[in-house]
Amino acid sequence: MLVTLVLQKPFAPAPDLAAQELAAAERLQRVGTVALREATRELRTGQQVYQAACMACHAAGVVGAPKFGDAAAWAPRIGAGLERLVTSTLQGKGAMGAQGGGAFSDFEIKRAVVYLANAGGGNFPEPVAPDATAAPAPQQ
Ligand code: HEC
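Residues numbered from 1 in each chain as written. Predicted model: local features only at pLDDT ≥ 70, side-chain atom pairs only at ≥ 80, totals over all residues. Heavy atoms only, no water.

**Some details on unusual backbone geometry**
In the Ramachandran plot, Val 63 falls in the positive-phi region, its phi being about 45 degrees despite a non-glycine side chain. Relative to the assigned elements, Val 63 resides in the loop between helix 3 (46–58) and helix 4 (71–79). (Helix = DSSP H or I, 4+ residues; strand = E, 2+ residues; numbered from the N terminus.)

**Structural notes on the environment of Asn 123**
Along the chain, the position of Asn 123 falls in the segment after helix 6 (106–119). Asn 123 sits 45 residues away from Ile 78 along the chain, and the two C-alpha atoms are 8.8 Å apart.

**Some details on the pattern of salt bridges**
Applying the stated criterion across every chain, the model contains 2 salt bridges. The salt bridge involving Lys 110 is made with Glu 83; its shortest N-O contact spans 3.5 Å. Within this pair, whereas Lys 110 is found in helix 6, its partner Glu 83 is found in helix 5 (residues 82–91), the two being separated by 27 residues in sequence. In this structure Lys 110 comes out as partly exposed when scored by relative accessible area, which is 24%. For the salt bridge of Arg 111 with Glu 126, the shortest nitrogen-to-oxygen distance reads 3.3 Å. You can see Arg 111 sitting in helix 6 and its partner Glu 126 sitting in the segment after helix 6, a full 15 residues away along the chain. (Salt bridge = Lys/Arg side-chain N within 4 Å of Asp/Glu carboxyl O. Buried < 20%, exposed > 50% of the residue type's maximum accessible area, 1.4 Å probe, protein only.)

Just geometry here; none of it tells us what the structure is for.
Shown next, in the form of C-alpha cells:
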C-alpha cells in the first residue's frame, strides 16, 4: 500500500528524489515479502531439515562429518553444548558450509541440530517455536 502511495504522488519530484523514493519503496516491499513468507510458511521439523540439508554429509559421515547415530563421534561435540553446535552449524565449521543462509530459519537449523545430536546420544530438549504472533525482528 505504501508502495502505491509513493508511486501515485501527483507531482513529479526531481529525478534523483524519485529514484530515492522508489528505492525506499522497493526495499520496504522486499522486507514485507520476506516477513510474510517467514510468517506463513510452516516450520520444518528437525527431521525434515536433516533430510533436506544435512543427510548428504551426516548420513554416511563424508568429508569428516560426525555420522548420524554414531555416539562416539558425537559425545565430545555434545559435551560442548547445544549453543556451540548451533553456532557451528549456522556459521559453518571445517568442511561444513554455513547453513544459516539457506532455505531454513535459524530456529529450524537448531531443531535439526537437536535431532542430529540426540540421535548420537544427546539429550537436548526440543527447541520451543518462536512466537509467530510476535513482531518480526527488524530487518536490515
Ligand atoms: C557438506 C557436508 C555437510 C553438510 C551438508 C552438513 N554438515 Fe554438519 N558437519 C560436517 C562436517 C565435515 C563436520 C565436522 C566439522 C569439524 O568439526 O571440523 C560437521 C559438524 C557438524 C556439527 C558439530 C559441530 C561442532 O561444533 O562440533 C553439527 C551439530 C552439525 N554438523 C550439524 C549439521 C546440520 C544440522 C546440518 C544440516 C542443516 C549439517 N550439519 C549439514 C559436514 C556437513
